[in-house]
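Chain residues, written in single-letter form:
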Amino acid sequence: MAVIEPTNALEQVLLPFKGATGWRGDFAARLKKDGLPTRRDEDWKWSDVARATKGITGAGKVQFRSSVNPEWTEVRRAADQDFFANLLAFAGVMNVTYFEPRNLTVLDLDFRALKGVSQAAATIVGAPGMSVRVHEHYSSEAQAFSAIGVDYVVWPGARVERVILIDEAPESVLLLSSGVTVHETGEFVQTVISQGGKLVRHETQLHSAGGGAKVTLNAAYLVGKGAHADLTTRVNMHGPDGKLSQLTKGIAYGGGHGVFQGKIHVKREAQKTDARMTHKGMIIDEKSEIDAKPELEIYADDVECAHGNAIGTLDEMALFYMQQRGLPESEARRLLVESFLDEALAEITHEQTAATIRGLMSKRLKDLV
Amino acid sequence: MVAVKETIADVKRLESDKYKYGFTTEVEQERAPKGLSEETVRYISAKKDEPRWMLDWRLEAYKRWLEMREPDWAKVNYPKIDYQDIYYYAEPSSGAKYESIDDVPPEILADFERLGIPLREQEVLLGVAGAAETAAEAREKPRVAVDAVFDSVSVATTFKAELAKAGVIFMSISEAIREHPELVKKYLASVVPTSDNYFATLNCAVFSDGTFVYVPKGVRCPMELSTYFRMNAEGTGQFERTLIIAEEGSYVSYLEGCTAPMRDENQLHAAVVELVAMDDAEIKYSTVQNWWPGDENGKGGVYNFVTKRADCRGKNSKVSWTQVETGSAITWKYPSCILRGDNSVGEFYSVAVTNGAQQADTGTKMIHLGKNTRSRIISKGISAGRSDNTYRGLVSIHAKAEGARNFTQCDSLLIGDQCGAHTVPYIECKTPKAQLEHEATTTKLAEDQLFYARQRGLDEETATALLVNGFVREVLQELPMEFAVEAQQLLKVSLEGSVG
């Protein structure tokens, strides 16, 4: 019997699900019916996956390396969960890479997607009372479409700091997603640095139990020619006394497209929630675009919730002032943009990591000026 | 302490009449057969004595509507509407047209009087409806020309002659279709296209009456114009259509008020409002919406599905929307501005209050197309009881809108722990030469302020009313004087029973 070769990304994604049962089977049926997300889907309004993955086909692979050996675990999901990218990533693997570092403070993870369609998934657990720092690095070959899911569980008293560097190839699509559960008195600090790709989306769905749980979600994006970076977060506050602080800053230049979607959902039980979300975008030149949707959905009355959003361009006055002081214009521009983005890196505690990231960003910004 | 005394007096007064507009008026009605079909559309068009082109336009809209789907993206829940279980047209059986105010059935005049809307010009002049005022006092009051719409029919339009002297056309839209077809043809559906959305298309097919305003070049409209909408007949929907055109360099301020009787069933209200502002023209549009919100358990109430849009076509034009939304079981309404002309300005000031089981999903869209266009959005949402209140808005800056500016502020206040407040802003920017700012907060009434007010001897309800008035002040001060007072009272009534 002849095997029909997939002719598009959707068929390629569906191929391994043939004969799948349970939630994977249900998910495949849903995917077959709805297709990959398009602009018509509210959650993907500015990031059209179906369009971006056009022409990408063939079975790919995610090469994975980690600084310690992982364990394996099985996942259970519900196919109707409202978290498409994460379901896709977890459905594509039979056993999930699993880490529960106990005698360790740093964990390095490296994901590299090869050409073609691929999926990968990992789960990381911050054991009670433990403190761990995780560095994640993502890169790819050209013409890759990968869905990678990295889930976190933060137990009481644990502190997890996560630094994510996304360095995708310009012709590739990456849907990176994280389901995060933070228990009472747990702390989760995340910093994402994304330079985009043909379409790169980092999506975090976080559930906070409240009870002194502290969450920080920071991100910086810098998107240049033809690049698209999407940073999406959805935070659900379930119990009282939870804290959330969120800052996303980004620049778009040379026709780049930045997207920020943030949602804070405060349940009726989550009284005394203190949540703040800020997005600031800077558009450097014509043809670049930044879109934002900072949402609040609040059912508890005794809360302090705020969000702010600002989009503008380089401060001409500051530029002028710096030139007056003898800095060449290009240098002044770079400095201004760098200092603008720097605020989003403030929560990276490890100085060397922060310095490496600043160096990378600085190099990237040199193209711009 | 005068202010405090007044506030207490206001609250006292309100205890007796929570929704004082809930009465019905016994008028013999003639209605279109129940349900919606091509026949209904023809019936309405014939009743209005419309020319052939208008009927064709309606039928075209009806055909499109049949192929459309009811939108479900708003954060509101309601049982499916049976569009065949509604009367699309109701008129007093004495006829749909009145040559003079003396022909209007006394019941209807009395109805409007009860609502505080005097329709006899001399009464307005002498302030008869204002009871004990002297003629001199009344004369000093700013006069307001009123178009009164009762179910599907405009029953009276005051001060028409005086306005005509200034060149301002102010009449019901049915009259305008007959008397100024060239203007109607030119502008109708030029801002909200026939197939814009489900409810707008439905309105195109079955709209019954509404207001038409045309302000010619360079004219500053000598008085405030207003329309008062009253739904009275049972099982009837109201589908009004308003069209306002401000020619070059003109100015008009327009007010809109609405009420409906208390009924157990849900009534549908699907209106379309279109504003066109040419070079240097300014339109100020204010709404106090107080349709029957349904009882505490969510029984009955008006479904308010409205499409309002302004086209700032000319350079330096300005449109300002101000709304106080306290009524309706469900509100689905996004008054918008298309800022096409260079240097044009769009403003949106809104207070939305929900109590009981009310649901409101309201906001605005500011579409910046022209250079140096500016917009300002101030939205205040107050939720109490078991209600849900959503701000949903779009600010879109197109690539050519160099120098565009937007400022948005959305504040939500929650009173009680059974309600919800939501903010869903969409921000799109395609030029480096624009500046956009958005701020949103959600809080409860500050305990310390409440405590302070109570220390001064105010009871909890009065103190709450005082703080809420402070919270919405930025919006209320945008309303014309007469409306501001009414709106303040309305806020208090709407929040009554939400504390303690």
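Residues numbered from 1 in each chain as written. Chains lettered and ligands numbered in written order. Predicted model: local features only at pLDDT ≥ 70, side-chain atom pairs only at ≥ 80, totals over all residues. Heavy atoms only, no water.

1. Structural notes on the overall build of chain A
A tally of regular secondary structure across chain A gives seven helices and 18 strands. Rg of the C-alpha trace for chain A: 21 Å, near the compact-globule value of 21 Å for 369 residues, within the 12% margin. If one aligns the C-alpha atoms of chain A with their principal axes, the spans along those axes are about 75 × 50 × 40 Å. Here chain A holds 369 residues, and the buried ones make up 58% of them. Across chain A, the fraction of contacts at a sequence separation of at least 24, relative to all contacts at a separation of at least 6, is 86%. Counting only carbon and sulfur atoms, one obtains 51% of the accessible surface of chain A, whose full area is about 15,200 Å². Once the 42 positive and 48 negative side-chain charges of chain A are each reduced to a mean point, those two points are 3 Å apart. (Helix = DSSP H or I, 4+ residues; strand = E, 2+ residues; numbered from the N terminus. Rg over C-alpha atoms; globule rule 2.2 N^0.38 Å. Buried < 20%, exposed > 50% of the residue type's maximum accessible area, 1.4 Å probe, protein only. Contact = heavy atoms within 4.5 Å. Areas by Shrake-Rupley, 256 points an atom, 1.4 Å probe, with all protein chains shown as cover. Lys, Arg positive; Asp, Glu negative; His and termini not counted. Charge placed at Lys NZ, Arg CZ, Asp CG, Glu CD.)

2. Here we look at the pairing of strand β7 (residues 224-230) of chain B
Residues and elements named next belong to chain B. Of all seven residues that make up β7, seven are buried, and the element is covered over most of its length. Burial along β7 is two-sided: Glu224, Ser226, Tyr228 and Arg230 and Leu225, Thr227 and Phe229, pointing in opposite directions, are all buried. Both strand β3 (residues 144-150) and β7 contribute to a ladder of seven bridges, which runs parallel. Counterpart to phenylalanine 150 in the pairing with β7 is arginine 230. (Pairing = 2+ DSSP bridges.)

3. Concerning the packing of helix α2 (residues 38-47) of chain B against helix α3 (residues 52-66) of chain B
All names here are of chain B. Two elements in contact, α2 and α3, have axes separated by 10 Å at closest approach and are oriented at 155 degrees. The pairing of α2 with α3 is recorded here as roughly antiparallel in orientation. Along this stretch, α2 crosses α3, giving a crossing that reads as right-handed. Residues Glu38, Val41, Arg42, Ile44 and Ser45 of α2 pack against Leu55, Arg58, Leu59 and Tyr62 of α3. Tallied by class, the residues present in the contact of α2 with α3 amount to five nonpolar, one polar and three charged. (Axes fitted to C-alpha atoms, helices over the stretch in contact; angles between N-to-C directions. Parallel < 35°, antiparallel > 145°, perpendicular 65-115°, else oblique. Left-handed = near helix turned anticlockwise from the far one by under 90°. Nonpolar A, V, L, I, M, F, W, Y, C, P; charged D, E, K, R; others polar.)

4. A word on the interface of chain B and chain A
With 32 residues of chain B at the interface, the matching set in chain A holds 35 residues. Carbon and sulfur atoms make up 48% of the area that chain B and chain A hide from each other, which totals about 2,700 Å². When the area that chain B buries against chain A is broken down by residue, the three leading residues are Tyr426(B), Ile427(B) and Pro432(B), summing to 21%. Counting every contact that joins chain B to chain A gives two salt bridges. The interface formed by chain B and chain A holds 18 residue pairs in polar contact (both at pLDDT 80 or more) in total. Of the residues in the side of chain B that touches chain A, the class split is twelve nonpolar, eleven polar and nine charged. (Buried area = accessible area lost by both parts, 1.4 Å probe. Salt bridge = Lys/Arg side-chain N within 4 Å of Asp/Glu carboxyl O. Polar contact = N/O pair within 3.5 Å; in protein donor to acceptor, adjacent residues only side chain to side chain.)

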